[in-house]
Amino acid sequence: MSYDFDKIIPSFSFGGEFIHREQFGHGHINDTYAVYFKYINCPPVRYILQRINHNVFKDPVKLMENISGVTNHISGKIAPSERDAGRRVMRIIKTTEGQNYHVDPDGNYWRSYVFIDNAATYQNATLELFTQSGVAFGRFQNQLADYPAHTLHESIPNFHNTRARFEALEEAIARDSEGRASLVASEIAFALERKPDASVLVEMLLRGELPLRVTHNDTKLNNVMIDNDTGEGICVIDLDTVMPGLSLYDFGDSIRFGASTGDEDERDLSKISMSLELFEGFTKGYLSQARGSMTQAELDMLPFSARIMTFECGIRFLTDYLSGDTYFKTHREGHNLDRCRTQFKLVADMETKLDKMSEIVKKYSA
Ligand code: ADP
Ligand code: GN1
Ligand code: MG
């Protein structure tokens, strides 16, 4: 898909003289670019320019309302005197018309953010990085604890309703639109054996046993910017899915991605397991910030949340594979199936480690 950047870029109030743009990052959803500008007497400045994937986010206007509300709220929690205050929250660049987004003639929605310089995102964790990402997501949860949750739009309804995700898988199996179901009989069997798990958190929420909070809902390691000098998790990014949810979604999804010993799309499954050392690092960082406000039921369910969020992601990849790869960006044949397999390998590994995970949670929740 090509876009008319000559018209899109001048729609934002960057000022300065445009130098060039490049594709950026490893997200599975949006199209992300860095755009570089020249200003008089200073080094080039870059910004993030993103096309919001409106196949995934059906109402980009409401989505940007969410992001604007949440980033303003977080800004209010950061003292201007704090070191690096300007890099601790995403900042929207307005269009020349004062809007938070620009719509191009093809109906694509574009937005821009201040580029968080001297920081990086990572695909693979080290103990240090992952501990810092735990601190960052724990802090994020606290910063939004008093956000009026009812004002947030549900950017993707039922996003972490694992039961609904399971039903979508069952429908994709029944439809078998690409004729692929017979190729993945063992993955389908793995999923079906665990059907009851998919309802556990949904039912606890319905029974009022877990509190609804404002959560991020997509807490991959590569959605935290890590400061190049201090190693601190300086800013949580990718706020498209911020909406009311469970703390367990954020904890579990972080472990799913960051505590794996291999890449999300690794084909050699012998390289994939869940590292207890990394699990401990994240738990320590996250609970250092969030423990004070968490209920006992939430703490008790943290190990399960890692397993269920990994399972959920695995069934989403499998559903997309069965349905012809229409949701997640893929870069090779069978990419979603490879991703599904790593997730299921992790689930199986976590099932053997739940007791140890519980011990670690206890150690940091005392
Ligand atoms: P996706 O939803 O596709 O994952 P993200 O919003 O996470 O898109 O952006 C993709 C990548 O772009 C991130 O992983 C990060 O490396 C980079 N990125 C996004 N926003 C910023 C920012 N404000 N400053 C610097 N890098 C950013
Ligand atoms: C997507 O956008 P990104 O790459 O941070 C997805 C997550 C999945 C993840 C799997 C809006 O995250 O839910 O867990 O891929 N985001 C959306 O890697 O569906
Ligand atoms: Mg992302």
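Residues numbered from 1 in each chain as written. Chains lettered and ligands numbered in written order. Predicted model: local features only at pLDDT ≥ 70, side-chain atom pairs only at ≥ 80, totals over all residues. Heavy atoms only, no water.

A. Structural context of the packing of helix 5 (residues 185-193) against helix 10 (residues 335-365). For the pair helix 5 and helix 10, interaxial distance at closest approach is 11 Å and the crossing angle is 45°. As the angle between them shows, helix 5 and helix 10 are arranged oblique. Considering how the two elements wind past one another, helix 5 and helix 10 form a crossing that is left-handed. Taken together, the residues of helix 10 that come into contact with helix 5 (itself represented by Glu187, Phe190 and Ala191) are Leu337, Cys340, Arg341, Phe344, Val347 and Ala348. In terms of residue class, the contact of helix 5 with helix 10 is made up of 7 nonpolar, no polar and 2 charged. (Axes fitted to C-alpha atoms, helices over the stretch in contact; angles between N-to-C directions. Helix = DSSP H or I, 4+ residues; strand = E, 2+ residues; numbered from the N terminus. Parallel < 35°, antiparallel > 145°, perpendicular 65-115°, else oblique. Left-handed = near helix turned anticlockwise from the far one by under 90°. Contact = heavy atoms within 4.5 Å. Nonpolar A, V, L, I, M, F, W, Y, C, P; charged D, E, K, R; others polar.)

B. Spatial organisation of unusual backbone geometry. In this structure, asparagine 41 takes a positive phi of about 60° despite not being glycine. One can find asparagine 41 in the loop between strand 2 (31-39) and strand 3 (42-52). Even without being a glycine, asparagine 158 presents a positive backbone phi close to 60°. Note on placement: asparagine 158 falls in the loop between helix 3 (127-143) and helix 4 (162-175).

C. Expanded view of the site of ligand 1. Around ligand 1, 20 residues are found, and the nearest of them are Asn30, Gln50, Ile116, Thr121 and Asp238. One nitrogen or oxygen atom from the main chain of valine 114 is found 3.1 Å from a nitrogen atom belonging to ligand 1. Threonine 121 has a polar side-chain atom sitting 2.8 Å from an oxygen atom of ligand 1. In isolation ligand 1 offers 550 Å² of accessible surface; the protein chains occlude 96% of this area. Broken down by secondary-structure element, the contributors of at least two residues to the shell around ligand 1 are strand 3 and strand 6 (109-114). Looking at the shell around ligand 1, its residues break down into 10 nonpolar, 9 polar and 1 charged. (Near = heavy atom within 4 Å. Polar contact = N/O pair within 3.5 Å; in protein donor to acceptor, adjacent residues only side chain to side chain. Areas by Shrake-Rupley, 256 points an atom, 1.4 Å probe, with all protein chains shown as cover.)

Geometry only, nothing functional implied.
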